[in-house]
Amino acid sequence: MNEIIWQPLEGSQALAISCPADEILYEGTRGPGKTDAQLMFFRKHVGQGYGGYWKGVIFDREYKNLDDLVDKSRKWFDKFGDGAKFLASKSDYRWVWPTGEQLLFRAIKRESDYWNYHGQEFPFIGWNELAKYPDLKIYDAMMSCNRSGFLPEKHSPKNTQTGKIDVVLPDLPLVTFSTTNPYGAGHNAVKKRFIDPAPPGKMYRTEVEVFNPRTQQKEMVTKTRVRIFGSYKENIYLDAKYIADLVSIKEPNKRKAWLEGDWNIVAGGAIDDLWNENIHVKQRFKIPHSWRIDRTFDWGSTKPFSVGWWAEANGEEVKLANGNTWCPAAGSYIRIAEWYGCQKDEHNEGLRMSAKKVAEGILEREKILKDGGWIKTKVYPGAADGSIYGTDDPEEDSIGKKMSKAGVEWIKANKAPGTRITGLQLVRDSLDSAIDGVEAGPGLYFFDNCTDSIATLPVLPRCEKNPDDVDTDAEDHIYDEVRYKLLAEKKRYANAIKVKHAT
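For the structure given in this document, a descriptive report is provided here. (Residues numbered from 1 in each chain as written. Predicted model: local features only at pLDDT ≥ 70, side-chain atom pairs only at ≥ 80, totals over all residues. Heavy atoms only, no water.)

1. Describing the pairing of strand 5 (residues 102-107)
Across six bridges, the pairing between strand 2 (residues 55-60) and strand 5 is parallel. Bridge assignment links F59 to a residue of strand 5, and that residue is R106. Two elements, strand 4 (residues 94-96) and strand 5, share three bridges in a ladder whose sense is antiparallel. Its bridge partner being in strand 5, W95 is matched across the sheet by L103. In sequence, strand 4 turns back onto strand 5 through a hairpin of five residues, with G100 there showing a positive phi of about 110°. (Pairing = 2+ DSSP bridges. Helix = DSSP H or I, 4+ residues; strand = E, 2+ residues; numbered from the N terminus.)

2. Quick look at the pattern of salt bridges
The tally for this structure, following the rule as stated, stands at 29 salt bridges. A salt bridge links K303 to D135; its shortest N-O distance comes to 4.0 Å. Of this pair, K303 sits in the loop between strand 11 (292-298) and strand 12 (306-312) while D135 is found in the loop between strand 6 (124-127) and helix 4 (137-142), placing the two residues 168 residues apart along the sequence. Counted as one network, the salt bridges with shared partners bring together R420, D469, D480 and R483. (Salt bridge = Lys/Arg side-chain N within 4 Å of Asp/Glu carboxyl O.)

3. A short note on the packing of aromatic side chains
Per the counting criterion, the structure on display carries 34 aromatic pairs. An angle of 70° between the planes, with centres 5.8 Å apart, marks the rings of Y63 and Y93 as edge-to-face. On the criterion of sequence distance, the pair formed by Y63 in the loop between strand 2 and helix 3 (67-77) and Y93 in the loop between strand 3 (85-87) and strand 4 is long-range, its members being 30 residues apart. Ring geometry for W95 versus W97: centroids 6.2 Å apart, planes at 35°, classification tilted. Here the aromatic cluster, defined as three or more aromatic residues joined through ring pairs, consists of F41, F42, W54, Y63, F77, F86, Y93, W95, W97, F105, F124 and F177. The ring of W258 carries the charged tip of R30 above its face, separated from the ring centre by 4.5 Å. Lying over the aromatic face of Y133, R61 brings its terminal NZ or CZ to 5.7 Å of the ring centre. (Phe/Tyr/Trp six-rings, centres within 6.5 Å; stacked < 30°, edge-to-face > 60°. Lys NZ or Arg CZ within 6 Å of the ring centre and 35° of its normal.)

4. Focus on the sheet that holds strand 15 (residues 333-340)
What the seven strands build is an open sheet, ordered 10-18-15-12-11-16-17; its pairing is mixed. Taken across any chain shown, the strands that pair with only one partner, and hence form the sheet edges, are strand 10 (281-282) and strand 17 (411-412). Here strand 10 pairs with strand 18 (residues 444-447) via two bridges, running parallel. Counted as the bridge partner of K282 is F447 from strand 18.

5. Here's the deal with helix 6 (residues 187-195)
Summarising burial for helix 6: eight of the nine residues are buried, a large majority. Within helix 6, the full set of buried residues consists of H187, N188, A189, V190, K191, R193, F194 and I195. On the buried face of helix 6, the contacting elements are strand 1 (23-28), helix 4, strand 9 (217-230) and helix 13 (451-456). (Buried < 20%, exposed > 50% of the residue type's maximum accessible area, 1.4 Å probe, protein only. Contact = heavy atoms within 4.5 Å.)

6. Looking at unusual backbone geometry
In the Ramachandran plot, Y93 falls in the positive-phi region, its phi being about 45° despite a non-glycine side chain. Note on Y93: relative accessible area 6%, which makes it buried. Look at R352: it is not a glycine, yet its phi comes out positive at around 55°. One can find R352 in the loop between strand 15 and helix 10 (355-371).

7. Observations concerning the environment of D298
Among the secondary structure elements, D298 is positioned in strand 11. Between the alpha carbons of D298 and A413 there is a distance of 9.6 Å; along the sequence they are 115 residues apart. The residues contacting D298, other than those within four sequence positions of it, are F305, S306, D385, H477, D480, E481 and Y484. A distance of 3.2 Å separates a polar atom in the side chain of D298 from a polar atom in the side chain of Y484. (Polar contact = N/O pair within 3.5 Å; in protein donor to acceptor, adjacent residues only side chain to side chain.)

8. Things to note about the environment of Q283
Locating Q283 in the fold gives a position in the loop between strand 10 and strand 11. The contact partners of Q283, leaving out residues within four places of it in the chain, are L320, A321, N322, F447 and D448. Polar contacts involving the side chain of Q283 include one to the main-chain amide nitrogen of N322, which spans 3.5 Å.

9. Some remarks on the side chain of D262
With respect to the element layout, D262 can be found in the loop between helix 8 (252-260) and helix 9 (277-280). Within the local environment of D262, its side chain forms a polar contact with the side chain of K256, the two groups lying 3.2 Å apart.

10. Some details on the pairing of strand 15
Both faces of the sheet carry side chains from a regular strand, because those side chains alternate between them. Where burial is concerned, most of strand 15 is hidden: eight out of the eight residues are buried. Sheet topology places strand 12 next to strand 15; seven bridges connect them, and they run antiparallel. Note on strand 15: the bridge partner recorded for S306 is Y340.

11. Some thoughts on the sheet that holds strand 9
Taken together, nine strands build an open sheet; the order of strands is 3-4-5-2-6-7-1-9-8 and the sheet is mixed. Edge positions in the sheet fall to strand 3 and strand 8 (204-212), since each of these pairs with one other strand and no more. The mean angle between the axes of side-by-side strands here comes to 20°, regardless of whether they run parallel or antiparallel. Relative to strand 7 (residues 175-179), strand 6 runs parallel, the two being bridged by four bridges. Across the sheet, W127 pairs through a bridge with S178, a residue of strand 7. Across the sheet, helix 2 (residues 34-43) lies against strand 1, strand 2, strand 5, strand 6 and strand 7, angled at about 165° from strand 7, the strand it touches most. The strands touched by helix 6 within the sheet are strand 1 and strand 9, with strand 1 carrying the most contacts at an inclination of about 120°. (Axes fitted to C-alpha atoms, helices over the stretch in contact; angles between N-to-C directions.)

12. What to know about the packing of helix 12 (residues 419-436) against helix 14 (residues 477-488)
One can describe the packing of helix 12 onto helix 14 by two numbers: an axis separation of 9 Å at closest approach and a directional angle of 85°. What the angle tells us is that helix 12 and helix 14 run roughly perpendicular. Where helix 12 approaches helix 14, its residues T419, R420, T422, G423, L424, L426, V427 and S430 are matched on the opposing element by Y479, D480, V482, R483, L486 and L487. Grouping the constituent residues of the contact of helix 12 with helix 14 by class yields seven nonpolar, four polar and three charged. (Parallel < 35°, antiparallel > 145°, perpendicular 65-115°, else oblique. Nonpolar A, V, L, I, M, F, W, Y, C, P; charged D, E, K, R; others polar.)

Here is the structure:
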């Protein structure tokens, strides 16, 4: 009787191991055995006759984070007794089998790192903790390597005596198998790609017509994607003390993410401990004539640009559409409208519009605000990234000058040394003042039509190397523009900064 080396736990592990989808995201709480399932998904195709055509790689952002994967692979793979060897040098860092199969462990951090793998074939690509990546560009780039030259009729194992193929193997699967919990720099990107389109276990399908080189004709190809939810409650091998540690996490969003696998959280690190949608997001109302209006700007082409329109409260009470009244502290800023230049249904991808077109779009939106009665006064120039006034070609107008010619003026944002850290503290202080009430001073608020701000700001992560700043690899374009706004008024805000760090 053959010894069972490993078998999946009932529930999500078993579903993940047998999943036929092209893209698999094994998500949920901490502790259901996602890493084991990822490793064993690859291992189940070893020794099946595919040989060197079955080649895989598992990625993480840092080599040190691959240690747990390697340790678990050593725990299991050696037990199969099939001659597999682990090559531990960093230049290798892979499993190799006598039959030719290989599984590599690699660190990959930025989209440009793709070029280290360009042209290679990996029928299996794994991603460890996918939500650690600020966006999915490197994930998408590596999809071009998710391929194989295996032809079943040609490359299936031949009979050593007859030299002929006795059994034609099935097509080699082309799979990306990712694991993650909610929370992290890429929380929004993963949620948009995998979580929002379909509930757990339901296959999400896309169809595209392509020319098939194997049949030499056009065909409709279906790609499948699925997320599988796993819970620590399924894992009978977990110690209850581990669960006690999860229950004891003080930060509520992290606790919900890791203990419940909840994607509907505000998580990220920079301001998530302060953000309260019930306080900071306000129902849209028409701005009183006596309130000052201006706009701020962060330029982007391949990355999104961001325009924000702001009203400055003067202590006057306003009436909301639901009949309630609201009186923000004088000097409070309310983001009343925005234009986020991001590709629809894409993450962190710019519109590549010209400066002139952006300026024209700004003026068009301001006309709509006035015609609709939302604002009654002129819009003043506000802070914009000063880089728009630089140019590498003295014969070419800068972005700022092109926008000026189109009728849109700006004031250079304060980007002096130290302002990144000061800017984050100003944002935090302003959100905190809104929580504490009018007596605390000017607060920061957002109209409910500013949906991109509401989606991106709360999940903005802190920089790992400098926790007093945000992660500049994250989707921080709206944040930068908000920061410019508060820094432009630093005399009002910065003289008495209340240092309040997340705990």
